[in-house]
Amino acid sequence: MDYTVDNKRLYEEFLPFGVVVSAKVMMENGHSKGYGNVTFSSTTEAMVAIKGMDEKILGERPVHVAPSEKRGAWALGLGVGSNVIEWIYS
């Protein structure tokens, strides 16, 4: 992920797709870890954001967007319909 992207920019980039409940860049020792999570108010909004943001160039790199997974299980136990998405730059 482009290390210049902060929580505010992450929020602003995903806002056109729906109600963003939270947008957080994962940090370690004050520096971006290269990925973040965005939570929408609905599964439908999250799915629209995945389609709209996947492969979009932010900063100098394309962003890859997918439903969030934690240790092999879908985030929040909501399965494919999760309203939490995770995006990672390659």
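Counting restarts for each chain: residues are numbered from 1 in the order of the written sequence. With pLDDT at 70 or above as the cut-off, local features in this predicted model cover only qualifying residues; side-chain atom pairs require 80 or more to be listed or tallied, and sums for whole chains, interfaces and linings still use all residues. The side-chain quantities take in all heavy atoms of the structure and omit both hydrogens and water.

- An unreviewed UniProt entry annotates the protein as Polyadenylate-binding protein 1-like originating from Ictalurus punctatus.

Some remarks on the pairing of strand S2 (residues 31-40)
Part 1: Buried, partly exposed and exposed residues are distinguished by accessible area as a fraction of the type maximum, computed with a 1.4 Å probe on protein chains only: under 20%, between the cut-offs, and over 50%, respectively. Every helix listed is a DSSP run of H or I at least four residues long, and every strand listed is a run of E at least two residues long, numbered separately from the N terminus. Counting buried positions along S2 gives seven out of ten residues, so the element sits mostly inside the fold.
Part 2: The pairing criterion for strands is at least two bridges between them, as found by DSSP. Relative to S2, strand S1 (residues 20-28) is paired through seven bridges, and the arrangement is antiparallel. Residue pairing for S2: Met27 is matched across the bridge by Ser32.
Part 3: Connecting the antiparallel pair S1 and S2 is a turn made up of two residues, with Asn29 showing a positive phi of about 55°.

Focus: the environment of Leu15
Part 1: Looking at the element boundaries, Leu15 is found in the loop between helix H1 (7-14) and S1.
Part 2: Classification of Leu15 as partly exposed rests on a relative accessible area of 38%.

Notes on the nonpolar core
Part 1: Among the nonpolar cores identified, the biggest contains 16 residues, and Leu10, Phe14, Val20, Val38, Phe40 and Val65 are the most heavily contacted of them.
Part 2: Among the elements of the structure, H1, S1, S2, helix H2 (43-53) and strand S4 (61-67) are those that each provide at least two residues to this core.
Part 3: Tallying contributions element by element places H2 first for this core, with four residues. The definition of a nonpolar core used throughout is a set of buried Ala, Val, Leu, Ile, Met, Phe, Trp, Tyr and Cys residues joined through side-chain atoms within 4.5 Å.

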